[in-house]
There are 2 protein chains.
Amino acid sequence: MSVLIVGSTALDSIKTPKSENPRLLGGSASHAAVAASFFSPVQLIGVVGKDFPRRYVQLYQRHGIDLDGLQILPGKTFHWSGEYEANMNNRRTLLTELGVFETFTPTLPPSHQKTPFVLLANIAPALQHHVLNQMQRPKFIAADTMDLWLNIALPDLLKLIKRLDLFVLNDSEAHQLTKEDNMFTALRKIHKLGPKHVIIKKGSHGSILSGPRGFFICPAYPLHKVVDPTGAGDSFVGAIIGHLASSRGAVDDNMRRAMIYGSVVASFCCEGFGLMRTTRVKRAQIEKRVKELERLTKF
Amino acid sequence: MSVLIVGSTALDSIKTPKSENPRLLGGSASHAAVAASFFSPVQLIGVVGKDFPRRYVQLYQRHGIDLDGLQILPGKTFHWSGEYEANMNNRRTLLTELGVFETFTPTLPPSHQKTPFVLLANIAPALQHHVLNQMQRPKFIAADTMDLWLNIALPDLLKLIKRLDLFVLNDSEAHQLTKEDNMFTALRKIHKLGPKHVIIKKGSHGSILSGPRGFFICPAYPLHKVVDPTGAGDSFVGAIIGHLASSRGAVDDNMRRAMIYGSVVASFCCEGFGLMRTTRVKRAQIEKRVKELERLTKF
């Protein structure tokens, strides 16, 4: 089945202690869409400016991503610039230029309004609502977020969470939202806000799911070297929704395996700047790492 | 088979935001010995003062721990006092009174010199050497350590690591020892120091093993409430050595399962102050949590 993904489509300038990479293809929707495309047909909803490089449009196309919902408007593409510390965990934002994103109001093409799987990737909750309001009874709705929206748009976000089947956030966001240090207690509290499935991402420590089939402790794929973690969380959730949409049977039964695929695609994302490594991955390489994760966790 | 365990035997006064507990039974050897005793006969090597409460001797005895190697000397028992922050991860030492520990020089009873499994629980590396020097060709030698010895006794510690089959340390110690942020790269570097098996403990994020059968990503047992994490790492490694000593077949093949038992016993340790919860655990409760960990990680 198809997946509709809305989120940011951006140019990312990323500095690490070892290198500097200007104007990479980035944004939550770009990472999530490419990740999902390994498993299912993807419809992308986003906006870019006239400066958006043609090669990035071609990159989306190579992944078979439907671009009917991608607006190209006069003005500049959303540009984010950030710098990572040596440990590759802490980063600081150097610059945020919203560009055409400032007035982005997506209107879904009629062909997109009945897509069964929806991922509201990280973007303002008001926009996530706006897209969801145009959908006709999707089978499964997932959303990701970031600390910024917890700080400046919490009422909107809480309203959104109520409408979700799956809510994904990281450990520090879960702490911020629930005031809980214990992540299993935090999961319980987040369920009470609405979603049946909640996933807390813990970076290199993996992730935890709480859902109708109980908890699942999902490992991160072990990497000896992280080149650039930008977009790893978006890739994780993109691969999850893509894999769910491609699987037969009940979503509740498929969630754990989807998360394993999410961990694997996120690991590839971390091995290159922006989408450089992810776009070159072959399905067989993904399957190989999934098998490895099986071996790495079996006892 | 039997396990010989040397380490600290102490009285711990532990403060948390919710409660204060003076003079609990503590020390690395106490936690490790009780944890190991669920699986194998244990010989304890340690020293306490005349003030050591009789009820704590009885507690060891209830766990069938052989106390022929426990010296009771004139003077005071080693006393440690610490305080935990609200998140139960950060703690600071309020007081350390070495007492009879200051001049502790264990002499192993002849009956203990041929014990096949040895755990050198956290204690000065010189003492770990001293005990090991009295052993006759043990089958398997494991050791744990702490940041203090990395700071003040690194040459001794490095000499010890060479002699080990299994070295266990936590993530911040692994970083301190190797200067590596990436734990998988750190594991590789630690192998080069000697041990065939290396385990890095990551608290509530579980642990990772690197050994002859490759990596193993070991989950922590999910706890909704941590009462007191003191001794959890010692319980983890104690249960590992105890379980290894009780298992048939090659240690290399048994290590993963032993770690799972380690995670489970450590989880009980965290549910009470000092050894309060651990000493009341029944083997069936341990098996139940092991089965749960199987369910929590299966995909």
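What you see is a predicted model; the values in this text were computed from it and never measured.

### Some thoughts on the interface of chain B and chain A
With 29 residues of chain B at the contact, the number on the chain A side is 29 residues. Approximately 2,600 Å² of surface area, both sides summed, lies buried where chain B meets chain A, with 60% of it carried by carbon and sulfur atoms. At the surface where chain B touches chain A, the tally comes to zero salt bridges. Within the residue set of the side of chain B that touches chain A, elements represented by two or more residues are helix H7 (183-191), strand S13 (214-218), helix H9 (251-270) and helix H10 (283-297) of chain B. Per-element accounting of the side of chain B that touches chain A gives the leading share, five residues, to H10(B). In the side of chain B that touches chain A, the residues fall into 13 nonpolar, seven polar and nine charged.

### Points about helix H9 (residues 251-270) of chain A
Look at H9(A): 27 Å from first C-alpha to last across 20 residues, which is about the 28 Å you get at 1.5 Å a residue. Across the 20 residues that make up H9(A), a large majority, 18, are buried.

### Things to note about the packing of aromatic side chains
Residues and elements named next belong to chain A. On inspection of all chains with the given rule, the structure shows 18 aromatic pairs over all chains. What links up through ring pairs into an aromatic cluster is the set Phe-38, Phe-39 and Tyr-261. One residue, Arg-55, lies across the ring of Tyr-56, its end atom 4.6 Å from the ring centre. Between the NZ or CZ atom of Arg-289 and the centre of the ring of Phe-268, over which it lies, the distance is 3.9 Å.

### A short note on the state of the cysteines
Counting across every chain of the model gives zero disulfides over all chains. For A:Cys270, which is in no disulfide, the shortest distance to another cysteine sulfur is to A:Cys269 and amounts to 5.4 Å.

### Notes on the packing of H9(A) against helix H10 (residues 283-297) of chain A
Between two packed helices, what matters for the description is the angle formed by their axes and the separation of those axes. All names here are of chain A. Look at H9 against H10: their axes get within 9 Å of each other, and the N-to-C directions meet at 115 degrees. Seen from above, H9 lies across H10 with right-handed handedness. The segment H9 lies against H10, with Arg-257, Ile-260, Tyr-261, Ser-263, Val-264, Val-265, Ser-267 and Phe-268 engaging Arg-283, Gln-285, Ile-286, Glu-287, Arg-289, Val-290, Leu-293 and Glu-294. A breakdown of the residues in the contact of H9 with H10 according to their chemical character gives eight nonpolar, three polar and five charged.

### Some words on the relation of the copies chain B and chain A
Between chain B and chain A, the superposition needs a rotation of 180 degrees and an axial shift of 0.0 Å, giving an RMSD of 0.0 Å. Such a combination of turn and shift is consistent with a two-fold rotation axis. Judged by C-alpha distance, B:His205 is the residue of chain B that lies nearest the rotation axis, at 3.0 Å. A share of 100% of interface residues in chain B that are also interface residues in chain A marks the association as one of identical surfaces.

### Some words on the pattern of salt bridges
Applying the stated criterion across every chain, the model contains 20 salt bridges over all chains. Residue A:Glu180 pairs with A:Lys189 through a salt bridge whose shortest N-O separation is 3.3 Å. Classification of A:Glu180 as buried rests on a relative accessible area of 19%. Since its relative accessible area comes to 37%, A:Lys189 is described here as partly exposed. The closest approach of N and O atoms between B:Arg283 and B:Glu287, which form a salt bridge, is 2.8 Å. Here B:Arg283 pairs with B:Glu287, and both are found in helix H10, just four residues apart, close to one helical turn. Take B:Arg283: its relative accessible area is 37%, and that puts it in the partly exposed class. One network of salt bridges, with partners in common, ties together A:Glu271, A:Arg277 and A:Arg289.

What counts and what doesn't
- Residues numbered from 1 in each chain as written.
- Chains lettered and ligands numbered in written order.
- Predicted model: local features only at pLDDT ≥ 70, side-chain atom pairs only at ≥ 80, totals over all residues.
- Heavy atoms only, no water.
- Contact = heavy atoms within 4.5 Å.
- Buried area = accessible area lost by both parts, 1.4 Å probe.
- Salt bridge = Lys/Arg side-chain N within 4 Å of Asp/Glu carboxyl O.
- Helix = DSSP H or I, 4+ residues; strand = E, 2+ residues; numbered from the N terminus.
- Nonpolar A, V, L, I, M, F, W, Y, C, P; charged D, E, K, R; others polar.
- Expected span 1.5 Å × (residues − 1).
- Buried < 20%, exposed > 50% of the residue type's maximum accessible area, 1.4 Å probe, protein only.
- Phe/Tyr/Trp six-rings, centres within 6.5 Å; stacked < 30°, edge-to-face > 60°.
- Lys NZ or Arg CZ within 6 Å of the ring centre and 35° of its normal.
- Disulfide = S-S within 2.5 Å.
- Axes fitted to C-alpha atoms, helices over the stretch in contact; angles between N-to-C directions.
- Left-handed = near helix turned anticlockwise from the far one by under 90°.
- Least-squares fit on C-alpha atoms with pLDDT ≥ 70 in both.

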